[in-house]
Amino acid sequence: MIINSKTDLMKILVASGSGFIGYNLSKFILEKKFKVIGLDNINDYYSTQLKKDCLKQLKKVNNF
């Protein structure tokens, strides 16, 4: 977590941001009005298209 000042939003790094847990955790954090930095290598352990679709949804939110 990084907090720069009282006026800045908390920034939270989510590893595997487009995976099942990371995606849902990111959504939850974004709903709480924090900034999220998602990190993911989009490997092919399961559907890369599904992961890309998750990222598209998260990118619609300004704080992602």
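Check the entry above for the structure.
Because the structure is a prediction, the values reported are computed rather than measured.

Participant: What's the story with the side chain of Ser18 in this structure? I'm lost.
Facilitator: Checked against the element boundaries, Ser18 lands in the loop between strand E1 (11-15) and helix H1 (20-31). For Ser18, the side chain forms a polar contact with the side chain of Asp40, separated by 2.9 Å.

Participant: Where do I start with the pairing of E1 in this structure?
Facilitator: Where a strand is regular, its side chains alternate between the two sheet faces. What you see with E1 is a clean split: Ile12 and Val14 sit on the buried side and Lys11, Leu13 and Ala15 on the side with no burial. Bridging between E1 and strand E2 (residues 35-39) involves five bridges; their strand directions are parallel. Residue pairing across strands places Val14 opposite Gly38, the latter belonging to E2.

Participant: Help me out: how do you make sense of the packing of aromatic side chains in this one?
Facilitator: The description of an aromatic ring pair rests on the distance of the ring centres and on the angle between the ring planes. Considering all chains together, one arrives at zero aromatic pairs under this definition. Directly above the aromatic system of Tyr46 lies the positively charged group of Lys51, at a separation of 4.8 Å from the ring centroid.

Participant: Got a minute to help me understand a nonpolar patch on the surface in this structure?
Facilitator: On the surface, Phe20, Ile21, Leu25, Phe28, Tyr45, Tyr46 and Leu50 cluster together into a nonpolar patch covering about 840 Å² of accessible area. When residues in the nonpolar patch are grouped by element, the largest group, four residues, is from H1. Mapped onto the elements of the fold, Tyr45 is located in the loop between E2 and helix H2 (48-59). A relative accessible area of 75% places Tyr45 in the exposed class.

Participant: Can you walk me through the nonpolar core in this structure?
Facilitator: Counting residues in each nonpolar core, the largest one holds nine residues, listed as Met10, Ile12, Val14, Tyr23, Ile29, Leu30, Val36, Cys54 and Leu58. Going through the elements one at a time, E1, H1 and H2 are the ones with two or more residues in this core. Considering every element that reaches this core, the biggest residue donor is H1, with three residues.

Participant: Looking at this structure, how should I read unusual backbone geometry?
Facilitator: Most peptide bonds take the trans configuration, and most residues that are not glycine carry a negative phi. Of note, the phi angle at Ser16 is positive, near 60°, even though the residue is not glycine. Its identity as a non-glycine residue notwithstanding, Ile42 has a phi of 50°, on the positive side. With respect to the element layout, Ile42 can be found in the loop between E2 and H2.

Reading the values: rules and limits
- Residues numbered from 1 in each chain as written.
- Predicted model: local features only at pLDDT ≥ 70, side-chain atom pairs only at ≥ 80, totals over all residues.
- Heavy atoms only, no water.
- Helix = DSSP H or I, 4+ residues; strand = E, 2+ residues; numbered from the N terminus.
- Polar contact = N/O pair within 3.5 Å; in protein donor to acceptor, adjacent residues only side chain to side chain.
- Buried < 20%, exposed > 50% of the residue type's maximum accessible area, 1.4 Å probe, protein only.
- Pairing = 2+ DSSP bridges.
- Phe/Tyr/Trp six-rings, centres within 6.5 Å; stacked < 30°, edge-to-face > 60°.
- Lys NZ or Arg CZ within 6 Å of the ring centre and 35° of its normal.
- Patch = residues over 30% accessible without salt bridge, like charges linked within 9 Å, V, L, I, M, F, W, Y side chains within 5 Å.
- Areas by Shrake-Rupley, 256 points an atom, 1.4 Å probe, with all protein chains shown as cover.
- Salt bridge = Lys/Arg side-chain N within 4 Å of Asp/Glu carboxyl O.
- Core = buried A, V, L, I, M, F, W, Y, C linked by side-chain atoms within 4.5 Å.

None of this, on its own, says anything about what the molecule does.
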